[in-house]
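# Residue-level structure breakdown
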Amino acid sequence: MASGKPFVIAIDGPAAAGKGTLAERLAAHYGLAYLDTGLLYRAIGRLMADRGFDLDDPVIAGQIAEALDPEDLTHPGLRGREAGEFASRVAVHPSVRSALVAFQRGFAGRAPGAVLDGRDIGTVICPDADVKIFVTASPEVRARRRTDELAAKGRDVDYERILAEVRERDARDSGRATAPLKAADDAVILDTSALDREGAFRAAVAIVDARR
Ligand code: DC
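Below or above, wherever it landed, is the structure these notes cover. (Residues numbered from 1 in each chain as written. Predicted model: local features only at pLDDT ≥ 70, side-chain atom pairs only at ≥ 80, totals over all residues. Heavy atoms only, no water.)

Turning to helix 3 (residues 58–66), a few remarks are in order. Those residues of helix 3 that sit buried are Ala61, Gly62, Ile64 and Ala65. For helix 3, the buried positions fall inside an angular range of 160° around the axis, keeping them on one side. Opposite the buried face of helix 3, by more than 90 degrees, sit the exposed residues Val59, Gln63 and Glu66. Structurally, helix 3 contributes buried residues whose contacts are with helix 2 (38–50) and helix 5 (94–108). (Buried < 20%, exposed > 50% of the residue type's maximum accessible area, 1.4 Å probe, protein only. Helix = DSSP H or I, 4+ residues; strand = E, 2+ residues; numbered from the N terminus. Arc of directions from axis to C-beta. Contact = heavy atoms within 4.5 Å.)

Below is the structure:
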């Protein structure tokens, strides 16, 4: 990927599948830029909730998305479960999704290329990506990882509740009419249920190297 056309890696998959960690490591490994597209939806959801707007209002959500500022992505409360829930709700609005397309494509189009992670990168945002990986794991494994992660931070968490949230988020992200969560036809499915982070990274590098 020395010169010419930017090299683009699209990483999609359900919540808590380990996409973010994997995408960030791949970007560092190949010297590419990294964009966590979930952060865009999280920032919109957070802004709406903070301002007391109805998350289910497509007009206001679209206006907030159009006016989104890079500064908004540095809000400290974007990584948590609540912001993830808000994000999943505003992400159903076509007005929000269309407002974010140009920014994401612009990011992917800059040399030397980029790794983008999300739900619709391989299907909608970058259908011509050089590599598409759909990272997944069973809901039980994802809920277990999330529970352990939160417990390690000293948080009081209940596995069954997290599992219910994971299933609910899957249903909303997969069931929406616009750009639902689904693997592109030409994506490689990477099931990390039986892999640790290192194993998942090695498997992803093998997939990318096979396509370079
Ligand atoms: O990847 P994440 O957990 O930060 O994403 C939060 C929510 O944002 C997710 O449940 C659905 C939405 N999202 C989306 O619809 N499309 C993307 N490309 C990224 C995230």
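After that view, the rundown keeps rolling.
Before going further, it helps to examine the packing of helix 2 against helix 3. Where helix 2 contacts helix 3, the two axes come as close as 10 Å, and the packing angle between them is 120°. Judged by the inter-axis angle, helix 2 sits oblique to helix 3. The two elements helix 2 and helix 3 cross, and the hand of that crossing is right-handed. On helix 3, the residues that touch Ile44, Leu47 and Met48 of helix 2 are Ile60, Ala61, Ile64 and Ala65. (Axes fitted to C-alpha atoms, helices over the stretch in contact; angles between N-to-C directions. Parallel < 35°, antiparallel > 145°, perpendicular 65-115°, else oblique. Left-handed = near helix turned anticlockwise from the far one by under 90°.)

Applying the stated criterion to the full structure yields 18 salt bridges. One salt bridge connects Asp130 with Lys5, and the closest N-O pair in it is separated by 3.3 Å. Here Asp130 is found in the loop between helix 6 (121–125) and strand 4 (131–136), whereas its partner Lys5 is found in the segment before strand 1 (7–12), with 125 residues between them in sequence. Between Glu82 and Arg46 there is a salt bridge; the shortest N-O distance is 3.3 Å. On the criterion of sequence distance, the pair formed by Glu82 in helix 4 (residues 81–90) and Arg46 in helix 2 is long-range, its members being 36 residues apart. On the basis of relative accessible area, Glu82 is assigned to the partly exposed category, the value being 47%. (Salt bridge = Lys/Arg side-chain N within 4 Å of Asp/Glu carboxyl O.)

Before going further, it helps to spend a moment on unusual backbone geometry. Backbone torsion omega between Ala111 and Pro112 reads 5°, so that peptide bond is classified as cis. Examined against the element boundaries, Pro112 turns out to sit in the loop between helix 5 and strand 3 (113–118). One non-glycine residue, Ala16, lies in positive phi territory at about 65°. Structurally, the position occupied by Ala16 is in the loop between strand 1 and helix 1 (19–30). For Ala179, which is not glycine, the phi dihedral falls at a positive 45°. A relative accessible area of 13% means that Ala179 is categorised as buried.

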